[in-house]
Amino acid sequence: MSFPATRLSVVERTRSGDEETRRVALAAIIDAYWKPAYKYLRLKWSLDADAAADLTQEFFTSALEKEVVEKYDPARARFRTYLRLCLDGFASNARKAERRLKRGGGVDVVSLDFETAEGEMATHEPAVAADVDEMFYREWVRALLERSVADLEDYAAELGRPEMFEVFARYDLADEGEARPTYTAIAAALNLTTATVTNHLAAMRRQFRKIVLERLRDLTSSDEEWEAEAAKLLGARR
Amino acid sequence: MISDRAIDRLREAASWPELDARYEITGVAGFGGMGTVYVARDHVLDRDVAVKVLDLADRNGSRARRLQREAHILARLDHPGIVPIHDAGSLEDGRAFYVMKLVRGRRLDDLIRDAVPIATRLTMFDRILDAVAFAHAHGVVHRDLKPENVMVGGFGEVYVMDWGVAQDGSADAEAAVVGTPGFMAPEQELAGDVDPRADVYALGVLLALVSGEDAPASLRAIARKAHAVDASRRYQNVEAMAADLARFRNQDPVEAYQESAAERAVRLYRRYELPILLIVAYIVMRFVMLVWRGV
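These notes cover the structure that comes with them. The structure presented is a predicted model; accordingly, all values stated were derived computationally and were not measured.

1. Side note on the environment of B:Tyr235
All names here are of chain B. In this fold, Tyr-235 is placed in the loop between helix H7 (217-226) and helix H8 (238-249). Between the alpha carbons of Tyr-235 and Asp-195 there is a distance of 12 Å; along the sequence they are 40 residues apart. When residues no more than four places from it in sequence are discounted, the contact partners of Tyr-235 are Val-200, Lys-225, Ala-226, Ala-240, Met-241 and Asp-244.

2. Quick word on the pairing of strand S2 (residues 35-42) of chain B
Residue and element names in this part refer to chain B. Examined bridge by bridge, strand S1 (residues 23-31) and S2 share seven bridges and lie antiparallel to one another. Opposite Tyr-23, over in S2, you have Asp-42 as the bridge partner. Pairing between S2 and strand S3 (residues 47-54): eight bridges, direction antiparallel. Each bridged residue has a counterpart across the sheet, and for Ala-40 the counterpart in S3 is Val-49. Between S2 and S3, which pair antiparallel in sequence order, lie four residues; one of them, Asp-46, sits at a positive phi of approximately 55°.

3. Brief notes about the sheet that holds strand S5 (residues 96-101) of chain B
Residue and element names in this part refer to chain B. Within the open sheet, the five strands sit side by side as S1-S2-S3-S5-S4. Their pairing is antiparallel. Strand pairing shows two members of the sheet lacking a second neighbour, S1 and strand S4 (85-90), which therefore form its edges. Looking at each pair of strands side by side, their axes are set apart by 25° on average, direction ignored. In terms of strand pairing, S4 meets S5 through five bridges, oriented antiparallel. Within the sheet, the bridge partner assigned to Ser-90 lies in S5 and is Ala-96. On the sheet, helix H2 (residues 62-76) packs against S2, S3, S4 and S5 and is oriented at approximately 25° with respect to S5.

4. Some points on the nonpolar core
Counting 130 residues, the largest nonpolar core has B:Val51, B:Leu74, B:Val132, B:Leu203, B:Ile222 and B:Ala226 as its most contacted members. Here this core takes 11 residues from helix H2 (residues 19-44) of chain A, the largest share from any one element. If you count residues domain by domain, this core takes at least three from each of domain 1 (13-101) and domain 2 (105-249) of chain B.

5. Regarding the sheet that holds strand S8 (residues 158-160) of chain B
Sheet strands pair via backbone hydrogen bonds, and the direction of the pair is either parallel or antiparallel. Residues and elements named next belong to chain B. Judged by pairing direction, the sheet is antiparallel, and its three strands sit side by side in the order S6-S7-S8 without closing on themselves. Of all the strands in the sheet, just strand S6 (105-107) and S8 have a single pairing partner and so form its edges. Going across the sheet, the axis of each strand differs from the next one's by a mean of 25°, ignoring polarity. Here S6 runs beside strand S7 (residues 150-153); their pairing, made up of three bridges, is antiparallel. Paired with Arg-106 across the two strands is Val-152, which belongs to S7. On the sheet, helix H4 (residues 118-137) packs against S7 and S8 and is oriented at approximately 40° with respect to S8.

How each quantity is defined
Residues numbered from 1 in each chain as written. Chains lettered and ligands numbered in written order. Predicted model: local features only at pLDDT ≥ 70, side-chain atom pairs only at ≥ 80, totals over all residues. Helix = DSSP H or I, 4+ residues; strand = E, 2+ residues; numbered from the N terminus. Contact = placed C-beta atoms within 7 Å. Pairing = 2+ DSSP bridges. Axes fitted to C-alpha atoms, helices over the stretch in contact; angles between N-to-C directions. Core = buried A, V, L, I, M, F, W, Y, C linked by C-beta atoms within 7 Å. Buried ≥ 20, exposed ≤ 12 C-beta atoms within 10 Å, placed from the backbone. Domains from an automatic or database assignment.

See the structure below:
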């Protein structure tokens, strides 16, 4: 399947009358966006780690309290762009008010691990400030793909075929600086035939694409926005 | 956290098409408006091929239909200037694709930046005209002719590519306004449905680019006539344009240009340079002999 079945995305569910549905949807949005937001504040707004963490907490608390997410108009911008613009406005107001950023503390729907985000920044800081907007997008993509990889691992485990995910991880998740292993090397390491490795890889990639597109649909507000984001994410012209 | 390298690999993993065992994707050859062209190894025939694949399967299937229509157009247009198609189908994830000959060469927009002699440029342009005229004869209007859609192979062979927005008279042909600004005929900017003169217009723009700023006035006039704003003032078909271009190459007077007496003299001199030089040499020799005898 390539086009996710029609259903309400988390963005759409933030408008739900049911408090629990709305809370879960907002938690999903925070889960997808808090890390890009934190890194964006650190770099674009040159905030130190504590101030960026405070402002991130406060922003998402505000997103809950002031219904920032619910005010989103899909006709005017992609949700990702809207949220980044809201973050800019929020940071600008905070700076203008010259107020000390107090701890937000109200975000209890997800735990935000700023220490990890800070550690990641040490190795992935953009070279120039002009890259910051692109960095926001890339961090958003990173968050999306990380969760999709986790989903894929769960999928393989549920099938009772963890080795399928292992093939995928060894081939497509090889780390920075690592050369991609050959099919033969993976086959030897996992005691599989080369044909099995290529079959597993093909099956996992198909499932991965499906998961990514479904998650993406969840984070967009319309089919049109989903198509545009999917083309940007998966089209070869990036 | 997954690394930047892993992000790229994961995006690639999720986007590269999984074809059957026959075709193994090995790289990206280029990009189109709605899809990507990959290089693949055809393990059955042991050769490289190009595979055009939609980036996304769409909800209403319109993109898939468009790609399939393009595949059918290519299958219909069996011509040395139009890339041959080998296979077509849909991936498991719903994306349509087709397999075609892999053209190894350079795009025309890249090639004309080099100091290519005008005669070579016009030879290439003639081949473009030939391919487009053939398509018109089969009821197909390309609608997006531009240097980026022309490939020149290593042996000077020319391929008119990207027939994705071509109009072929079929019911599901693109009715919307399509094309590239600067190459689109005025009537094409207003309505999707056009006649072959829209391609003549684009060919006029293309000829102006191919022939360069230093082109002779009569060649520039051919380009100008081809991309006249009023379709009725253009060449009415590609054959008429090709005929005028042939006249230019043969140093005959062209239909598009009214030459002065001096230009006519220069043209005739160039055309009959050798006989004229021989006659002049004969006259000079006779004169010298007469003078010598007189002495």
